[in-house]
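Spelled out, the chains give:
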Amino acid sequence: MTGTPLHLAVALDGAGWHPAAWRAEGARPGELLTAAYWADLVTEAERGLLDFVTLEDPLGLQSAAFHRPDERTDQVRGSLDAVLLAAHLAPLTTHIGLVPTTNVTHTEPFHLAIGIATLDHASKGRAGWRPQISARAADAALFGRRTTPQLTEEDVRDPELIAARLRPLFAEAADVVEVARRLWDSWEDDAEIRDAATGRFIDRDKLHHIDFEGTYFSVKGPSITPRPPQGRPVVTSLAHASTPYEFAAGGSDLVYVTPHDHAGAEAILAQVGEAVERIGRNEREWPLKKFADLLVFLDDEPGAAARRKSRLDELNGGELASDAEIFTGTPGDLADLLLSWRTAGLDGFRLRPGTLPHDLAAITRGLVPELQRRGVFRTAYDATTLRGHLGLRRPDSRYAHRHDRPSAVPSA
Amino acid sequence: MPAAGKKAEAQAGKKQVHLAAQLPGIHNVTVWSDSRSRSQIAIDSFIRLAQTVERGKFDFFFLAEGLRPREHKGQVYDLDVVGRPENLTVLSALAAVTTHLGLAATVNATFNEPYDVARRLATLDHLSGGRAAWNVVTSFDAFTGENFRRGGFLAESDRYTRAAEFLDVARTLWDSWRDGDVRADPKAGDFLLPGAGRFAHRGPHFDVSGRFSAPRGPQGHPVIIQAGESDQGREFAASDADVIFSKYNRLDEARDFYRDVKGRLAGHGRAEHELKILPTATAVIADTDEEAAAYADEITRAQVSPQTAIAHLEAVWGRDLSAYDPDGPLPDVEPEAESLVLEGHSVFRKGRGETARRWRKLAEERGLSIRELIIEVGGGQTFVGSPRTVADAIDHFVQSDGADGFVFVPHLTPGGLDDLVDRVVPLLQEKGVFRQEYTGTTLRDHLGLNAPARDTRPVPGERPVRSEKEAS
């Protein structure tokens, strides 16, 4: 491979990212909650040597509106818990990273942390995580524990407005991520000693209370789950505005952004860079990988992908809208675009297939070979962990060596 | 009469044994110092044990839970295995490498929310093709609560009322989608029926409403498991559970418990076969009864190290006894009934004064050292002997209504049930008291349980009523 390798992930969701994808030819709409369906998708993604797949998790019932429930019956509704789905896929695969989304507004940080740690154990080091806040006031009623702001039509037209309204939820989410990272560190790597001579299974000096006291909750620790194989699973977040850029800068290893052209990518990466600066994160110590999201329809024959998308738009009664750029074209065209955009400073791309399994197979069997021909994508996995694929080092526990150097507590 | 006919006749009159397996958790069952003992956290250990017991046609594989590492005298308890995974996550992985085995997770109803738990259990039921079970436990424990948003908010008296309401909400959510609600008809453009998943519940502990995002799983409701010896616990099990775990694995006590709990079912409009009673058990198997007895002693001594003996005594005495010799007599000091030495463990919490008196009396009568006493009261091994002896004992226990079967906990992870599966199960099959092959695919099938009764109460904010034609 010449030069820096390109990283490639794929975002899996239901029958694909077009709301009418379940009606496309080759779709398996009656199987969206079966193990076999997901096993076929993730093994296809692994065949394409992709870095990782992400799995969406709306928690509440899906809706066409960003901020409130709907009563539509013509789109996919119903979903599985993404952490459990990712764990199910772990023994069926050997290399590909598995990155579930979880809600962090209505869930327990402790449960989330041990769930992701367990996914890392079950996949032998391939776990990632995408913490997501709940932007729908109706989600709060599912739990009955609290209320969250009701966004208005005006809010949802502008990412900055949404982010401003949801700022306290982002602050809370940042605490959730911080708690998870501390819990993953709360067992030092060599805590298990099995010392028959003293009868001790563990060295309890290497398990640590995390003593987190925040505005929204507190967690004592330590974790019940030993430190995961990657030390810390890879934290990822999707961001469209300054508050989420700061959230990413504060706790993520990888951020997905949504530029619509090369100049947009440059502008967004500059804003992410400013957020990193504001937070005071040292990227040499703790790099932040930047991926651009694209929603893709791919066909070998020129024009076919656009025609396919139009037919689905018609079925759905309106043109597809997305936060991400929508691409229709051939794998070759997409390869051109990816290589051009990445010069803005992107490390990779997360592609959202318009329809499944069609556009996934077009990525693994069309785009990937094209990128390999151009010498910018791996031809075999050279690592077994997600951190390995992304070139991220395995961090030490922040609590390690405290015994002899009490002041040295690296925050990354 | 041909042999097969004879067998069928014998089978017809005999109760069938149910078998489950548990990967040992925090208690001092695991002999981790044994060179054959492997990781209790590596996925390969879980896969190995689960696949072994599936080969043995077991009903299900079970995982216990503890949401904070236990602490002893203010520090993490370090003598037993410490460290375990999140249960539903591991079981979802196991669903991919097993085909029939039931997958049972302990999930706490105190430090969780019904929407989340119901959805995660429905997910496991979907991913496993109908093999999910939930062991509903509760906690009153502020010590564990320190790890959660809710904290140690719950009064002990509210444990079961919250758990019962929690289960009620979960069932409401599982019933909020009906079997035909997902249409997925691309030609007509109907993905689902209007209003599918709509629910509302208002009670003392939960006020929740909206639409549930998980369509109905293959079992409708996962199998519900309960454990509890108290009157309240027995009543909860009789009204709400499909399986009850019991600690009574001595036949006399077990029969009393069995009679009592089964006797409560009619009061809740349920038949005796609708609740399976499964005590926790261990089995030590060798070629001869003598060899097995010697091996059982060896295991029991390894389970109660000198340090463990002192720690258990401290947990009951409520004070530091580290100066005492584990091979010497019981301490001359009295217990401090109010002081809690071991946090995060219910066994050593209640009735400690009475336990201490009983232990002192037993030790004096029998002239037992501290370690000998702890070995004595620890109960030792449930079934010890040759494969034939163990198979006969299991069969006898079940036929004489001590239990419907057992949850076996091996002392070695993950190979500790190999002998039970390879040497005892075939004998139970020969006796006609255990299945030769799985006859169904879901855990409800294995346990002989009916499909759950559907909640038929009207839903506030109603959904369109389906015609009979649609429903058929």
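Residues numbered from 1 in each chain as written. Chains lettered and ligands numbered in written order. Predicted model: local features only at pLDDT ≥ 70, side-chain atom pairs only at ≥ 80, totals over all residues. Heavy atoms only, no water.

Per an unreviewed UniProt entry, chain B carries the name FMN-dependent oxidoreductase (Nitrilotriacetate monooxygenase family) and comes from Streptomyces rishiriensis. Under the UniProt heading Sequence similarities (unreviewed entry), the entry covering chain B gives this text: "Belongs to the NtaA/SnaA/DszA monooxygenase family." (UniProt positions renumbered as here; feature names shortened; annotations may be inferred.)

Per UniProt, the comment on chain A under Sequence similarities (unreviewed entry) is "Belongs to the NtaA/SnaA/DszA monooxygenase family."

Participant: Describe in detail the overall build of chain B, supporting the description with residues and values.
Facilitator: Check the secondary structure of chain B and you find 16 helices and 17 strands. The C-alpha atoms of chain B give a radius of gyration of 24 Å, which matches the 23 Å a tight globule of 472 residues would have. Taken along the three principal axes of its C-alpha coordinates, chain B extends 80 × 65 × 45 Å. Among the 472 residues that make up chain B, the fraction classed as buried is 58%. Of all intrachain contacts in chain B linking residues separated by at least 6 positions in sequence, the fraction that spans at least 24 positions is 76%. When the accessible surface of chain B is split by element, carbon and sulfur atoms take 49% of a total near 18,400 Å². Between the averaged position of the 58 positive side-chain charges in chain B and that of its 70 negative side-chain charges there is a distance of 5 Å. (Helix = DSSP H or I, 4+ residues; strand = E, 2+ residues; numbered from the N terminus. Rg over C-alpha atoms; globule rule 2.2 N^0.38 Å. Buried < 20%, exposed > 50% of the residue type's maximum accessible area, 1.4 Å probe, protein only. Contact = heavy atoms within 4.5 Å. Areas by Shrake-Rupley, 256 points an atom, 1.4 Å probe, with all protein chains shown as cover. Lys, Arg positive; Asp, Glu negative; His and termini not counted. Charge placed at Lys NZ, Arg CZ, Asp CG, Glu CD.)

Participant: Kindly report on unusual backbone geometry, identifying the contributing residues and their values.
Facilitator: For the bond running from Leu356 of chain A to Pro357 of chain A, omega is 0°, close enough to zero to count as cis. Along the chain, the position of Pro357 of chain A falls in the loop between β13 (348-353) and α12 (358-373). The omega torsion of the bond from Thr413 of chain B to Pro414 of chain B falls at 0°, within 30 degrees of zero and hence cis. You can see Pro414 of chain B is positioned in the loop between β17 (405-408) and α14 (418-430).

Participant: Outline the domain arrangement of chain B, listing residues and values.
Facilitator: Residue and element names in this part refer to chain B. For chain B, the domain assignment lists domain 1 (13-282 + 383-447) and domain 2 (290-378). Placing the centre of domain 1 and that of domain 2 at their C-alpha centroids yields a distance of 30 Å. Of the residues lining the interface, 18 residues belong to domain 1; the matching set on domain 2 comes to 23 residues. Approximately 1,800 Å² of surface area, both sides summed, lies buried where domain 1 meets domain 2, with 58% of it carried by carbon and sulfur atoms. Interface area lost by domain 1 to domain 2 is led by Asn28, His72 and Lys73, which between them contribute 28%. Scanning the region where domain 1 abuts domain 2 turns up two salt bridges. Here Glu314 makes a salt bridge to Lys73, at a shortest N to O gap of 2.8 Å. Applying the counting criterion to the domain 1 and domain 2 interface returns nine residue pairs in polar contact (both at pLDDT 80 or more). Broken down by secondary-structure element, the contributors of at least two residues to the side of domain 1 that touches domain 2 are β3 (71-72) and β16 (383-385). (Domains from an automatic or database assignment. Buried area = accessible area lost by both parts, 1.4 Å probe. Salt bridge = Lys/Arg side-chain N within 4 Å of Asp/Glu carboxyl O. Polar contact = N/O pair within 3.5 Å; in protein donor to acceptor, adjacent residues only side chain to side chain.)

Participant: I'd like a description of the interface of chain B and chain A, backed by residues and values.
Facilitator: Each partner contributes to the interface: chain B provides 76 residues, whereas chain A provides 78 residues. Carbon and sulfur atoms supply 60% of the area buried between chain B and chain A, which totals about 6,300 Å² over both sides. Its largest share of buried area at the contact with chain A, chain B owes to Trp32, Arg149 and Phe191 of chain B, together 14% of the area lost on that side. If you look at where chain B meets chain A, you find seven salt bridges. Put simply, Arg119 of chain B and Asp57 of chain A hold a salt bridge, and the shortest N to O gap is 2.7 Å. The interface formed by chain B and chain A contains 35 residue pairs in polar contact (both at pLDDT 80 or more). The dominant element in the side of chain B that touches chain A, judged by the number of residues it contributes, is helix α4 (residues 114-127) of chain B, at seven residues. Partitioned by chemical class, the residues of the side of chain B that touches chain A number 35 nonpolar, 20 polar and 21 charged. (Nonpolar A, V, L, I, M, F, W, Y, C, P; charged D, E, K, R; others polar.)

Participant: With reference to specific residues and values, describe the packing of aromatic side chains.
Facilitator: The tally for this structure, following the rule as stated, stands at 25 aromatic pairs over all chains. Ring geometry for Tyr248 of chain B against Phe257 of chain B: centres 5.0 Å apart, planes inclined by 45°, an arrangement best described as tilted. Across the pair, exposure class does not vary: Tyr248 of chain B and Phe257 of chain B are buried alike. One aromatic cluster in this structure is built from Phe143 of chain A together with Tyr115, Phe199 and Phe212 of chain B. The side chain of Arg350 of chain A reaches across the aromatic face of Tyr256 of chain A, ending 4.0 Å from its centre. Taking the ring centre of Phe143 of chain B as reference, the NZ or CZ of Arg68 of chain B above it sits at 3.8 Å. (Phe/Tyr/Trp six-rings, centres within 6.5 Å; stacked < 30°, edge-to-face > 60°. Lys NZ or Arg CZ within 6 Å of the ring centre and 35° of its normal.)

Participant: Describe the sheet that holds β3 of chain B, with residues and values.
Facilitator: All names here are of chain B. Taken together, three strands build an open sheet; the order of strands is β4-β3-β15 and the sheet is antiparallel. Because the sheet does not close on itself, it has two edges, and the strands there are β4 (75-76) and β15 (342-343). Of the strand pairs in this sheet, β3 and β15 are connected by two bridges, and their pairing is antiparallel. Each residue of the ladder has a partner; that of Glu71, found in β15, is Glu343. (Pairing = 2+ DSSP bridges.)

Participant: Requested: an account of the nonpolar core, with residues and values cited.
Facilitator: Formed by 162 residues in total, the largest nonpolar core has its most connected members in Leu8, Leu338 and Phe349 of chain A together with Phe61, Trp134 and Ile394 of chain B. Sort the elements by how many residues they give to this core and helix α6 (residues 159-174) of chain B lands first, with eight residues. Discounting residues that sit within four places of it in the chain, Phe61 of chain B has contacts with Ala21, Leu23, Phe46, Leu49, Ala50, Val53, Leu91, Leu94, Leu101, Gly102, Leu103 and Ala104 of chain B. Ranked by size, the runner-up nonpolar core spans 34 residues in total, among them Leu112, Ala113, Ile116 and Trp184 of chain A. (Core = buried A, V, L, I, M, F, W, Y, C linked by side-chain atoms within 4.5 Å.)

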